[in-house]
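# Survey of secondary and tertiary structure
Here's the letter readout for the chains.
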Protein chains: 2
Amino acid sequence: MVLFNAAQSTQKTVNVALIGPGGVGSCVLEQLSKLSQFKLISISNSKATYFNPSGIPFHSAKADLSKATPKSIEKELIPQLSQHQPCIFIDNTSSDAVASLYPVALSHGVHVVTPNKVGFSASLSLFNHIRDASAASGAYAYKESTVGAGLPVISTLETLLKTGDKVTKIEGVLSGTMSYLFNTFSKPGTNDDILFSKLVSDARDQGYTEPHPASDLSGSDVARKLAILSRLVPGLENRLEEGVHSVDVESLIPPGLDGDTTPEEFLSGLKHHDAHYESLRKTASDANSVLRYVGVVDTADGTVKCGLETYPASHPLASLSGSDNIFLFHTQRYGTRPLIVQGAGAGSDVTAMGVVGDCISIAERV
Amino acid sequence: MVLFNAAQSTQKTVNVALIGPGGVGSCVLEQLSKLSQFKLISISNSKATYFNPSGIPFHSAKADLSKATPKSIEKELIPQLSQHQPCIFIDNTSSDAVASLYPVALSHGVHVVTPNKVGFSASLSLFNHIRDASAASGAYAYKESTVGAGLPVISTLETLLKTGDKVTKIEGVLSGTMSYLFNTFSKPGTNDDILFSKLVSDARDQGYTEPHPASDLSGSDVARKLAILSRLVPGLENRLEEGVHSVDVESLIPPGLDGDTTPEEFLSGLKHHDAHYESLRKTASDANSVLRYVGVVDTADGTVKCGLETYPASHPLASLSGSDNIFLFHTQRYGTRPLIVQGAGAGSDVTAMGVVGDCISIAERV
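As the structure is a computational prediction, the values presented were derived from the model and not from experiment. In this convention, every chain numbers its residues from 1, walking through the sequence in written order. Each chain takes a letter, starting from A, and each ligand takes a number, starting from 1, following the order in which they are written. Confidence filtering applies because this is a predicted model: local features only for residues at pLDDT of at least 70, side-chain atom pairs given and counted only at 80 or more, and all residues used for totals across whole chains, interfaces and linings. For the side-chain quantities, the full set of heavy atoms in the structure was used; hydrogens and water were omitted.

### Structural notes on the overall build of chain A
- Scanning chain A from terminus to terminus reveals 15 helices and twelve strands.
- Over its C-alpha atoms chain A spans a radius of gyration of 22 Å, differing by no more than 12% from the 21 Å that the globule rule assigns to 366 residues.
- When the backbone C-alpha atoms are referred to their principal axes, chain A occupies close to 65 × 50 × 35 Å.
- Three exposure classes are used, based on accessible area relative to the maximum for each residue type with a 1.4 Å probe and protein chains only: buried under 20%, partly exposed in between, and exposed over 50%. In chain A, which comprises 366 residues, the proportion classed as buried is 60%.
- The contact definition used throughout considers only heavy atoms, calling two residues in contact when any of these lie within 4.5 Å. Residue pairs in contact within chain A that sit at least 24 positions apart in sequence constitute 67% of those at least 6 positions apart.
- Accessible area of chain A: about 13,500 Å², with a carbon and sulfur share of 49%.
- Side-chain charges in chain A split into 29 positive and 37 negative, and the spacing between the mean points of these groups amounts to 6 Å. Here a helix means four or more residues in a row that DSSP labels H or I, a strand means two or more in a row labelled E, and each is numbered from the N terminus. In this setup the radius of gyration rests on C-alpha atoms only. A globule is expected at 2.2 Å times the number of residues raised to 0.38. Note on areas: Shrake-Rupley, 1.4 Å probe, and residue coverage restricted to the protein chains presented here. Charge assignment: positive for Lys and Arg, negative for Asp and Glu; neither His nor the chain ends contribute. By convention, the charge on Lys lies at NZ, on Arg at CZ, on Asp at CG and on Glu at CD.

This is the structure:
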């Protein structure tokens, strides 16, 4: 919303500590390197940390990890960061252990920015600790890229709510993999002659799924995002005691394949369910509809659920294509026609954009 | 992007001066009344101002206009506001005269928030004065609701740009009226048997157009929004010397009807062009395509234009319905699949949401 970033020229330097220098982390470093107000003072991988309050050049940061030494993030790094405020702790991991330290960072006045869904979709207890620590110290905990990567999802929801709108329902396709699978399998109009198991197998070969496709078909990634969104909605903050585990999830892992399997065993077993999916597809198609794996947060009855649903061919969810995510915000103010945000919801560069956008927001506020 | 607005409890009071207490202004007052950090200290209509630095209750503000007295906004009000900082000057008018005062307000350190397109879509000279005054004083000039009302359009574009993405093209349906007319006239699949002039006439009767439909069909509203967007895009800042008047606009006002006409004369004259529109529609339909009145900002060749275009039935612009706006951001980072924002782009309540969202952003930054 800024027309001219008038304050930028006089903006104070904001220190950054980056945990997790992988795909997203590398893109975050690249994007931050173009922004003069940020100074990298620490970089950590899963084993060690290189801390240098004089500043670490963004472009040599990953090489500088060779100088890293083992350091407790909780006992050593965070207390050190608190001596160099304003400072942002960027967690680019998907680690439970790192997420559990957000309350510690926030209590020390260190801001947290992360695409890691764990901290906000785990137990209500951790979520409340994060909230309380943030409220007590005034440090921010930002997480735009936990849902829809760089798409303006959380910021849009928060603007709706802060300006007094009532959100009645959020629905959407929240997983790039689920999007790709069903956009390809079930199209408005004529469908291609493809078996569901073959589609999943091909998608895996092309890198559209996790190494084990069961991770995607379980729906747990969608459930995590729903947990994060629902906790922002008034009346639903405390709905999910166990976070992702309290979401009503329809898993697409067939019975009998829900134990330990290799990816090959899983894909082979999935063939026995092709007739089931073909039947679902035909029923939908006969009704001029399509299948989509959707997540729903419904404030009317407190529902937070995900599963395979049928939508008419004219519905915005039906015209989705590729592996795009789509989010429909149904609100009192927008009435019968939802506010829609759509686009790539995964990928290192767009995820990093969400992270860096959050860092800029903090820099504008401190 | 804020998870917990930790700072809110300690946030300083932000004073607000509201110009234009009409439809949008009333909704702005209503929405601001729920937010404890804002204090209304001035309200003006086109004739007079009621200024009370002790605070004016939001709910009685319009009634308090009975106490208003003539006051020069430039010579009296703005200097007074500058004594009560932080202060936001909210312009809910569509007035050239008020827009021309933004540099004065900003120079006095008074922030500007507005849905008024004029200031940012007029001459490059005024635009540069606004930019320079903002940069010099550090006061913000925010305008999310000038394009797409409450939809996150400008904020999304700015996040893309600030995080280093390259915008290659912005295209979309930027007018609710144009959206309604062509979504109704030209649908994917079978079209209804309706004449274009009858559709425009019916739309006017239902309040979907301005009192004189030529205002909508001229394309100038779309051109204004394009001017605002294009000036945010690197390389195009100085492209439009005369703002809206430098945009390449295809007007849908037929030759011969572009002079002074009454609405009735205009609609009657439009009937002579029904065959033309029917022909365009049939050509599109025969190619499994639809007609849409789109605006385009193309960075490759510096094009800023709007006009009637043909899109395949599978394109996101084709599945638009109602009077929704849609914005497609084509960027280097998002590649072949644009980031899309869609929804109601007009209406007092959603426009006010954009205004109040901007006010909250300023309150979080001061």
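### As for the pattern of salt bridges
- We define a salt bridge as a contact between a side-chain nitrogen of Lys or Arg and a carboxyl oxygen of Asp or Glu at a distance within 4 Å. Within this structure, the stated rule accounts for 28 salt bridges over all chains.
- The shortest N-O distance in the salt bridge between Arg-333 of chain A and Asp-349 of chain B comes to 3.6 Å. Here Arg-333 of chain A, found in the loop between β11 (324–331) and β12 (339–344), pairs with Asp-349 of chain B, found in helix α15 (residues 348–365), and the two come from separate chains.
- Residue classification places Asp-349 of chain B among the partly exposed residues on the basis of a relative accessible area of 33%.

### Section: the packing of aromatic side chains
- Ring pairs shown here join Phe, Tyr and Trp side chains whose ring centres sit within 6.5 Å, with only the six-membered ring taken for Trp; geometry is labelled stacked below 30 degrees between planes, edge-to-face above 60, and tilted in between. All chains considered together, the criterion is met by twelve aromatic pairs over all chains.
- Here the aromatic cluster, defined as three or more aromatic residues joined through ring pairs, consists of Phe-182, Phe-185, Phe-196 and Tyr-277 of chain A.
- A positively charged side chain is recorded as over a ring if its NZ (Lys) or CZ (Arg) lies within 6 Å of the ring centre. The angle to the ring normal must also be within 35 degrees. Here the basic side chain of Arg-231 of chain A rests over the ring of Phe-127 of chain A, its NZ or CZ set 4.9 Å away from the ring centre.
- When the ring centre of Phe-120 of chain B is taken as reference, the NZ or CZ atom of Lys-143 of chain B above it lies at 5.3 Å.

### Things to note about the packing of helix α15 (residues 348–365) of chain A against helix α8 (residues 154–162) of chain B
- All axes are obtained by fitting lines to C-alpha atoms, using only the stretch in contact for helices, and the reported angles, taken between N-to-C directions, cover 0 to 180 degrees. Where α15 of chain A meets α8 of chain B, the axes come as close as 9 Å, and the angle between the chain directions of the two elements is 100 degrees. Here α8 of chain B runs roughly perpendicular to α15 of chain A, going by the angle between their axes. Facing α15 of chain A, whose interface residues are Met-353, Gly-357, Ile-360 and Glu-364 of chain A, α8 of chain B presents Thr-159, Leu-160 and Lys-162 of chain B.
- Any residue outside Ala, Val, Leu, Ile, Met, Phe, Trp, Tyr, Cys, Pro, Asp, Glu, Lys and Arg is labelled polar, Gly included; the first ten of those are nonpolar and the last four are charged. For the contact of α15 of chain A with α8 of chain B, the per-class residue count stands at three nonpolar, two polar and two charged. Note on terminology: angles under 35 degrees are roughly parallel, angles over 145 are roughly antiparallel, angles of 65 to 115 are roughly perpendicular, and the others are oblique.

### Observations regarding the UniProt feature "binding site: L-homoserine" (unreviewed entry) in chain A
All names here are of chain A.
- Taking the UniProt record as the reference, the feature "binding site: L-homoserine" (unreviewed entry) is found at Glu-210.
- Within the fold, Glu-210 resides in the loop between α10 (196–205) and α11 (214–217).
- Setting aside anything within four residues of it in sequence, one finds Glu-210 in contact with Arg-204, Ser-215 and Asp-216. UniProt positions are given in the numbering used here, feature names are shortened, and annotations may be inferred rather than shown by experiment.

### Considering helix α9 (residues 176–185) of chain A
Residue and element names in this part refer to chain A.
- Most of α9 is tucked away, with ten of its ten residues classed as buried.
- Here α9 has its buried residues at Gly-176, Thr-177, Met-178, Ser-179, Tyr-180, Leu-181, Phe-182, Asn-183, Thr-184 and Phe-185.
- Here a polar contact is taken to be a pair of N or O atoms separated by no more than 3.5 Å, where protein atoms must pair a possible hydrogen donor with a possible acceptor and residues adjacent in sequence count only if both atoms sit in side chains. At the N-terminal boundary of α9, the capping side chain belongs to Ser-175, with an oxygen 3.3 Å from the backbone nitrogen of Thr-177.

### A short note on the sheet that holds strand β2 (residues 38–44) of chain B
All names here are of chain B.
- Spatial ordering of the open sheet is given by β3-β2-β1-β4-β5-β6, a layout of six strands whose pairing is mixed. Here the strands that pair on one side only, and so sit at the sheet edges, are β3 (49–51) and β6 (141–142).
- Alignment of strand β1 (residues 14–19) against strand β4 (residues 87–91), held across five bridges, turns out to be parallel. Paired with Ile-19 across the bridge in β4 is Asp-91.
- Its contacts with the sheet place helix α1 (residues 23–32) against β1, β2 and β4, and it is angled at close to 160 degrees to β1. Think of it this way: DSSP has to see at least two bridges between two strands before they count as a pair.

### Remarks on unusual backbone geometry
Residues and elements named next belong to chain A.
- For the bond running from Gln-85 to Pro-86, omega is -5 degrees, close enough to zero to count as cis.
- With a phi angle near 50 degrees, Ala-149 is a residue other than glycine that sits in the positive phi range.
- Within the secondary structure layout, Ala-149 lies in the loop between β6 (141–142) and α8 (154–162).

### Here we look at the UniProt feature "binding site: NADPH" (unreviewed entry) in chain A
Residues and elements named next belong to chain A.
- Within the UniProt annotation, "binding site: NADPH" (unreviewed entry) is assigned to Thr-93 and Lys-117. Spanning 25 residues, the annotated positions come together in the fold, the maximum distance between their C-alpha atoms being 9.5 Å.
- As for its position among the elements, Thr-93 is in the loop between β4 (87–91) and α4 (96–99).
- When neighbours within four sequence positions are excluded, Thr-93 is seen to be in contact with Ile-19, Gly-20, Val-98 and Asn-116.
- Among the polar contacts made by the side chain of Thr-93, one reaches the main-chain amide nitrogen of Ser-95 at a distance of 3.0 Å.
- Not counting residues within four places of it along the chain, the set of residues in contact with Lys-117 comprises Thr-146, Asp-221, Arg-224, Lys-225 and Ile-228.

### Some remarks on the relation of the copies chain B and chain A
- The fit set for superposing copies consists of C-alpha atoms from residues with pLDDT of at least 70 in both; the fit itself is least squares. In the superposition of chain B on chain A (RMSD 0.0 Å, axial shift 0.0 Å), the rotation amounts to 180 degrees. Interpreted geometrically, this transformation is the action of a two-fold axis.
- By residue overlap, the copies meet face to face through one surface: 98% of the interface positions of chain B are interface positions in chain A.

### A few points about the interface of chain B and chain A
- Chain B puts 58 residues into the contact, and the matching count from chain A is 57 residues.
- Defined in terms of a 1.4 Å probe, buried area is the accessible area two parts forfeit on being brought together, summed over both. With both sides pooled, the region where chain B packs onto chain A buries about 5,000 Å², and carbon together with sulfur makes up 59% of that total.
- Across the contact surface, chain B and chain A share eight salt bridges.
- Taken together, the links from chain B to chain A amount to ten residue pairs in polar contact (both at pLDDT 80 or more).
- Counting only elements with at least two residues in the side of chain B that touches chain A, the list comes to α7 (124–137), β6, α8, β12 (339–344) and α15 of chain B.
- Ranked by residue count, the leading element in the side of chain B that touches chain A is α15 of chain B, at ten residues.

### Description of the packing of α10 of chain A against helix α13 (residues 263–270) of chain A
Residues and elements named next belong to chain A.
- Close contact between α10 and α13 brings their axes to 8 Å; oriented N to C, the two are set at 155 degrees. The angle between α10 and α13 places the two elements in the roughly antiparallel class. Every residue of α13 that contacts α10 at Phe-196, Ser-197, Val-200, Ser-201 and Arg-204 is listed here: Pro-263, Glu-264, Leu-267 and Leu-270.

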